[in-house]
Amino acid sequence: MIMAASASSFLTILFCSVLVFISSSSAQTSFRPKALILPVSKDPSTLQYTTQISQRTPIVPVSLTLDLGGQFLWVDCDQSYTSSTYRPARCRSAQCSLAGAAGNCGDCFSTPRPGCNNNTCGSLPANTVTGTATGGQLGSDIVSLQSTDGKNPGRNVSVPQFLFVCGSTFLLEGLAGGVTGMAGLGRTRIGLPSQFSSTFSFDRKFAICLSSSIRARGVVIFGDGPYIFLPNLDASTNLIYTPLIINPVSTAPAFSAGERSSEYFIGVKSIKINEKTVPINTTLLSINSQGIGGTKISTVNPYTVLETSIYNAIVNTFIREMGNITRVSSVSPFGACFDSRNIGSTRVGPAVPTIDLVLQSESVFWRIFGANSMVDVGNNVLCLGFVDGGVNPRTSIVIGGHQIEDNLLQFDLATSRLGFSSSLLFRQTTCANFNFTSAA
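Residues numbered from 1 in each chain as written. Predicted model: local features only at pLDDT ≥ 70, side-chain atom pairs only at ≥ 80, totals over all residues. Heavy atoms only, no water.

Regarding the overall build of the chain
- Within the chain, the regular secondary structure consists of six helices and 34 strands.
- A compact globule built from 440 residues would reach a C-alpha radius of gyration of about 22 Å, and the chain, at 25 Å, matches this within 12%.
- In terms of overall dimensions, the chain has a C-alpha envelope of 105 × 55 × 40 Å along the principal axes.
- Burial analysis of the chain (440 residues in total) assigns 53% to the buried set.
- Contacts in the chain between residues at least 24 apart in sequence constitute 68% of all its contacts with a sequence separation of at least 6. (Helix = DSSP H or I, 4+ residues; strand = E, 2+ residues; numbered from the N terminus. Rg over C-alpha atoms; globule rule 2.2 N^0.38 Å. Buried < 20%, exposed > 50% of the residue type's maximum accessible area, 1.4 Å probe, protein only. Contact = heavy atoms within 4.5 Å.)

What follows is the structure in structure tokens.
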């Protein structure tokens, strides 16, 4: 009896131990991050914003140009793409439907490899910097990146079957050195924000905060706030909100009929300089039935690009508001340059007229201060950092990278709204102050 009882007790203890082990293992493998982070660097030669993810088996670091409005992740598969976990997206599969590629199916008459498989659906990867595109195949592979609680970096997490498109080597022309593809954050079901939120069941939100420095990194945060920047500032507080507008016609270099734009448009109603309204043709600020016009935000344009009549009106008004500040010869691509020795300095950059993008009402506006409106081109010269986009551009105003540096922008895909901080310099921090290096 004693021996039987001892055996029974031993089995009970063993069973409980197994349960504890299983529970512990489940807890480790079922870790659900609150948010995810990608570091963002500014390439000094191209002024593109680049990031890096880990992909494939065995894992490989993949450098990418960040494309805020890009449709998806695409990677050059022509050169040495090797992975035991790569899987082509087969025709008529759920993956093809998710990518909107169910009707785009074909074969590849060559040795099977990533990007070249029979019975696989295709897509149109594009280099949005140069405006070139080609055909490519949809597939999936493991992707890994770092988690965060909004303040400190956490453990790495993986998405086993992250959908992306295989591009071609020639698409890399014009991208930053070492880059092998583009990371699309656009409003599609296979853009990075949607795939990450779906995998880890967090809010369909993400924030970008681009550093103005080529030596210090900014950040993309997938998920809701807080977004804490040193010394201990939550940049997600006191945001100003404006609706995100859907352009019904795609603005990608290549697209299918009926496809809407994946880029992020906002409703600019007027523009003010020193709180004085700039005289412009406001019909250009609306998107017409062909998808032409309006205002979008871009990370592939280094500076804000304006339709010619809007550009001329802003430059003329800005020059007038600068008063007797000495003008100097223009420095390409800018049209209005000044002697910086005559311009004072403030916490938010050079002491120049403010530029307001007035949104859904007169009381809601995005104010651009000197740090974001002026570009130091050297030799004591500061130039207004806006460029002429021609008389018939696809989009009337493209807010470029320089204008959004050291501003936190939160994109809420569920409610279709943008939250923006205006310059973080006012709050004595910058986008380079996110903590990537230590955990609490």
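Describing the side chain of Ser 421
- In this structure, Ser 421 sits in strand E34 (residues 417-423).
- With relative accessibility at 12%, the residue Ser 421 sits in the buried group.
- Only 2.9 Å separates the side chain of Ser 421 from the backbone nitrogen of Leu 408, close enough to count as a polar contact.
- The residues contacting Ser 421, other than those within four sequence positions of it, are Leu 239, Asn 407 and Leu 408. (Polar contact = N/O pair within 3.5 Å; in protein donor to acceptor, adjacent residues only side chain to side chain.)

Examining the sheet that holds strand E29 (residues 374-378)
- Strand order across the open sheet formed by four strands is E23-E24-E30-E29, with antiparallel pairing between neighbours. Here the strands that pair on one side only, and so sit at the sheet edges, are strand E23 (327-328) and E29.
- Relative to strand E24 (residues 337-339), E23 is paired through two bridges, and the arrangement is antiparallel. Bridge pairing in E24 links Arg 327 to Phe 338.
- Taken strand by strand, helix H4 (residues 308-321) contacts E23, E24, E29 and strand E30 (381-384), and its axis lies near 135° from that of E30. (Pairing = 2+ DSSP bridges. Axes fitted to C-alpha atoms, helices over the stretch in contact; angles between N-to-C directions.)

Structural notes on the environment of Asn 119
- Following the sequence through the fold, Asn 119 ends up in the loop between strand E6 (105-106) and strand E7 (120-123).
- Taking the C-alpha atoms as reference, Asn 119 lies 9.1 Å from Arg 92; in sequence the two are 27 residues apart.
- Not counting the four nearest positions on each side in its chain, Asn 119 is found in contact with Ala 89, Arg 90, Cys 91, Arg 92, Cys 105, Gly 106 and Asp 107.

Topic: the state of the cysteines
- Under the criterion given, the structure shown has six disulfides.
- Each disulfide pairs two cysteine sulfurs, and for Cys 77 the partner residue is Cys 166, the sulfurs being separated by 2.0 Å. The disulfide joining Cys 77 to Cys 166 has a torsion of about -70° about its S-S bond and is therefore left-handed. One end of the pair, Cys 77, is in the loop between strand E4 (74-76) and strand E5 (87-88); the other, Cys 166, is in strand E11 (residues 153-167), and 89 residues separate them in sequence.
- Accessibility expressed as a relative area gives 4% for Cys 77, which makes it buried.
- Between the sulfur atoms of Cys 108 and its disulfide mate Cys 116 the distance is 1.7 Å. When the S-S torsion is -85°, as for the bridge of Cys 108 with Cys 116, the disulfide is left-handed.
- When the cysteines engaged in disulfides are numbered in sequence order, the chain pairs them as 1-8, 2-4, 3-7, 5-6, 9-12, 10-11. (Disulfide = S-S within 2.5 Å.)

As for empty space enclosed by the protein
- Applying the stated criterion across every chain yields a total of one cavity of 30 Å³ or more.
- For the largest cavity, the calculated volume is near 60 Å³.
- What lines the largest cavity is simply Ile 271, Thr 304, Leu 306, Ile 314, Ile 355, Leu 357, Ile 368, Phe 386, Ile 397 and Ile 399.
- Residue assignment for the lining of the largest cavity shows that the elements contributing at least two residues are strand E22 (304-306), strand E27 (355-358) and strand E32 (397-399).
- Considering only residue class, the lining of the largest cavity consists of nine nonpolar, one polar and no charged. (1 Å grid on protein atoms, 1.4 Å probe; cavity = no way out; pocket = protein on both sides within 12 Å on 5 of 7 lines; lining within 4 Å. Points joined across faces, edges and corners; volume = space filled by probe spheres on them. Nonpolar A, V, L, I, M, F, W, Y, C, P; charged D, E, K, R; others polar.)

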